[in-house]
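Chain residues, written in single-letter form:
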Amino acid sequence: MNDILINTFSWIKNDWQSHKVRFLVEVLAWAISIGCAATMALTVPNPPLLAMYPVWILGCALYAWSSYTRKSFGMLANYLLLTTVDTVGLIRML
């Protein structure tokens, strides 16, 4: 168990050292994702979608940029599609 923690913290440290801006962008996108999920869970059945959609879109766009800088096609495709779907949803709602 100790080796798993040491390896995990080493991986995080290496990720931080290799691209600090991307690391911070990913942490921000993660916080946005958790914040939106918590907001949704706490406000059902009437979540504030008009306020949440732009935040979701921003988080997905941040993840898409991070995926691009990591050269991760699967993640990039996923987050570009989510950004598109959420943008369409926001436009339809407006």
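Residues numbered from 1 in each chain as written. Predicted model: local features only at pLDDT ≥ 70, side-chain atom pairs only at ≥ 80, totals over all residues. Heavy atoms only, no water.

**Some thoughts on the packing of aromatic side chains**
So, point 1. Throughout the structure, instances matching the rule amount to three aromatic pairs.
So, point 2. Ring plane angle 80° and centroid distance 5.4 Å describe the contact between Trp16 and Phe23, whose orientation is recorded as edge-to-face.
So, point 3. What makes Phe23 buried here is its relative accessible area of 19%. (Phe/Tyr/Trp six-rings, centres within 6.5 Å; stacked < 30°, edge-to-face > 60°. Buried < 20%, exposed > 50% of the residue type's maximum accessible area, 1.4 Å probe, protein only.)

**Some words on the packing of helix 3 (residues 49-69) against helix 4 (residues 73-93)**
So, point 1. Where helix 3 contacts helix 4, the two axes come as close as 8 Å, and the packing angle between them is 160°. Between helix 3 and helix 4, the crossing angle belongs to the class labelled roughly antiparallel. Crossing of helix 3 over helix 4 shows left-handed handedness. Here Leu49, Leu50, Tyr53, Pro54, Trp56, Ile57, Cys60, Ala61, Tyr63, Ala64, Ser67 and Tyr68 of helix 3 come into contact with helix 4, specifically with Met75, Leu76, Tyr79, Leu80, Leu82, Thr83, Asp86, Thr87, Gly89, Leu90 and Met93.
So, point 2. For the contact of helix 3 with helix 4, the class distribution of residues is 18 nonpolar, four polar and one charged. (Axes fitted to C-alpha atoms, helices over the stretch in contact; angles between N-to-C directions. Helix = DSSP H or I, 4+ residues; strand = E, 2+ residues; numbered from the N terminus. Parallel < 35°, antiparallel > 145°, perpendicular 65-115°, else oblique. Left-handed = near helix turned anticlockwise from the far one by under 90°. Contact = heavy atoms within 4.5 Å. Nonpolar A, V, L, I, M, F, W, Y, C, P; charged D, E, K, R; others polar.)

**Side note on the side chain of Glu26**
So, point 1. Inspection of the secondary structure puts Glu26 in helix 2 (residues 20-43).
So, point 2. Apart from residues lying up to four places away in sequence, Glu26 is in contact with Asp15, Tyr63, Ser66 and Arg70.

**Quick notes on the nonpolar core**
So, point 1. Counting residues in hydrophobic clusters, the biggest one holds eleven residues: Val25, Ala29, Ile32, Cys36, Met52, Cys60, Leu62, Tyr63, Ala64, Leu76 and Tyr79.
So, point 2. Breaking this core down by element, the ones donating at least two residues are helix 2, helix 3 and helix 4.
So, point 3. Per-element tally for this core: the top contributor is helix 3, with five residues.
So, point 4. When residues no more than four places from it in sequence are discounted, the contact partners of Leu62 are Val25, Leu28, Ala29 and Ile32. (Core = buried A, V, L, I, M, F, W, Y, C linked by side-chain atoms within 4.5 Å.)

**Some thoughts on the environment of Tyr63**
So, point 1. The topology assignment puts Tyr63 in helix 3.
So, point 2. For the pair formed by Tyr63 and Leu76, sequence separation is 13 residues and the distance between their alpha carbons is 7.7 Å.
So, point 3. What Tyr63 contacts, discounting residues up to four positions off in sequence, is Glu26, Ala29, Trp30 and Tyr79.
So, point 4. From its side chain, Tyr63 meets the backbone nitrogen of Trp30 in a polar contact 3.2 Å long. (Polar contact = N/O pair within 3.5 Å; in protein donor to acceptor, adjacent residues only side chain to side chain.)

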